[in-house]
Amino acid sequence: MFYEIKYKNNAGEEVHFKAEKKGNLFVAPDEPSIPSSGNPYRLMMFEGLGEVAAEMHLNKSFAQDGSTHSSTVLSERHPYLQFVLVGKDWEDLSRIRRQATRVFSPKSKGTLEFSYGANSYVLKVIPESLPVYSQEDTSGKTQVASVSLVAPNPYWQNIAESKADISTETGNIEFPLEIPAEGLELSIRTISFITNIYNRGDVGTPIKVILKAAGTVVNPFIENLDTGEFIRVKRTLVEGDTLEINTAFGNKRVEIIKPDGSRENVFHYIDYKSTFFSLEGGDN
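These notes cover the structure that comes with them.

Here is what the cut-offs are and how they apply
- Residues numbered from 1 in each chain as written.
- Predicted model: local features only at pLDDT ≥ 70, side-chain atom pairs only at ≥ 80, totals over all residues.
- Heavy atoms only, no water.
- Salt bridge = Lys/Arg side-chain N within 4 Å of Asp/Glu carboxyl O.
- Helix = DSSP H or I, 4+ residues; strand = E, 2+ residues; numbered from the N terminus.
- Buried < 20%, exposed > 50% of the residue type's maximum accessible area, 1.4 Å probe, protein only.
- Pairing = 2+ DSSP bridges.
- Axes fitted to C-alpha atoms, helices over the stretch in contact; angles between N-to-C directions.
- Core = buried A, V, L, I, M, F, W, Y, C linked by side-chain atoms within 4.5 Å.
- Contact = heavy atoms within 4.5 Å.
- Phe/Tyr/Trp six-rings, centres within 6.5 Å; stacked < 30°, edge-to-face > 60°.
- Lys NZ or Arg CZ within 6 Å of the ring centre and 35° of its normal.

1. Notes on the pattern of salt bridges
Next up, step 1: Taken as a whole and assessed by the stated rule, the structure comprises 11 salt bridges.
Next up, step 2: The salt bridge involving Arg-263 is made with Glu-244; its shortest N-O contact spans 3.9 Å. Of the two residues, Arg-263 sits in strand β23 (residues 263-265) while Glu-244 sits in strand β21 (residues 242-246), which places them 19 residues apart along the sequence.
Next up, step 3: Given a relative accessible area of 47%, Arg-263 falls into the partly exposed group.
Next up, step 4: One salt bridge in this structure joins Arg-253 and Glu-255, with 3.7 Å as the shortest N-O distance.
Next up, step 5: Judged by its relative accessible area of 27%, Arg-253 falls in the partly exposed class.
Next up, step 6: Several salt bridges share partner residues, and in doing so they unite Glu-244, Arg-253, Glu-255 and Arg-263 into one network.

2. So, the sheet that holds strand β16 (residues 208-212)
Next up, step 1: Ordered by their spatial adjacency, four strands build an open sheet running β16-β21-β22-β23, and the pairing between neighbours is antiparallel. The two strands at the open ends of the sheet, each matched to only one other strand, are β16 and β23. On average, each strand axis in the sheet is inclined to that of its neighbour by 20°, with strand direction left out of account.

3. Describing the nonpolar core
Next up, step 1: In terms of nonpolar packing, the biggest core is built from 28 residues, with Ile-5, Phe-46, Leu-81, Phe-83, Phe-104 and Leu-112 touching the most fellow members.
Next up, step 2: When residues no more than four places from it in sequence are discounted, the contact partners of Leu-81 are Ile-5, Phe-17, Leu-43, Met-45, Phe-46, Phe-104, Leu-112, Ala-145, Ser-146, Val-147 and Leu-149.

4. Considering the packing of aromatic side chains
Next up, step 1: This structure, assessed with the given rule, holds 12 aromatic pairs.
Next up, step 2: Aromatic side chains Phe-17 and Phe-83 sit 5.2 Å apart centroid to centroid with 45° between the ring planes, which places their arrangement in the tilted category. Of this pair, Phe-17 sits in strand β2 (residues 14-22) while Phe-83 sits in strand β7 (residues 80-86), and the two are 66 residues apart along the sequence.
Next up, step 3: Connected via pairs of aromatic rings, a cluster forms that spans Tyr-3, Phe-46, Phe-114, Tyr-116, Tyr-121 and Trp-156.
Next up, step 4: If you follow Lys-18 out to its NZ or CZ, it ends over the ring of Phe-2, 5.8 Å from the centre.
Next up, step 5: Between the NZ or CZ atom of Arg-232 and the centre of the ring of Phe-221, over which it lies, the distance is 4.9 Å.

5. Looking at the pairing of β21
Next up, step 1: β21 sits mainly inside the fold: five of its five residues count as buried.
Next up, step 2: Sheet topology places β16 next to β21; five bridges connect them, and they run antiparallel. Each bridged residue has a counterpart across the sheet, and for Lys-208 the counterpart in β21 is Asn-246.
Next up, step 3: Bridge count for β21 against strand β22 (residues 253-257) is five bridges, and the pairing is antiparallel. Its bridge partner lying in β22, Glu-244 is registered against Glu-255.
Next up, step 4: Count of turn residues in the β21/β22 antiparallel hairpin: six residues, of which Gly-250 carries a positive phi of about 80°.

Written as structure tokens, this is what we have:
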């Protein structure tokens, strides 16, 4: 199986590699030294899929045997890339080296994407330093580079969002349209208040909730029936308003979106008992 590894900085510049797994490492497939695709980057080694240190927090009371587990947190992830720059001549190699230095600048954040088959996962990263280059080979056409990255959030995230509808509206017409004498039901609205969401990840995941008001709604809220946690916004929505709630760590938002697209921050209207909950692995 072949894998694709891509790094893209915030300016949209990117480098990408093709890889295959050999032991615990991802390396370039067996192919000519100069890729036929014209890609001047050839992977030598990639690390960073599984190795993350964990820090366990334990509490100990007076005269207690053993201790009480409080929490376990994961440290940052440190992906590592080593690759060969392949140029047509010394001048071309110099151009490619400047490009790699610009793409992997520690002044710019980026994303690392890992793909195989229909699966794609992304990790937000920051280069820890500029790329480290070895001496050019005697021909002046190739040079080894290595890049160390740090991911403050160590979790690889599925690039495709999972979505579940609570209440839906299904259209009932299609073209060419024929309306029978007894009339035609244009759409069917399914009203529900509870839905099941399955988290296929290994840990709890934040949620983004989008509530669209079909009429006047007072103090809208959403509740996790498994845990009793809820988020209530003490505002009145009118028809056409959309309430958007995001519980992501470091990116929590509560906004009302008007029909004209304007956004209002209503974070300060949250019920003080609300909890920005996540969905645990499995059924919720």
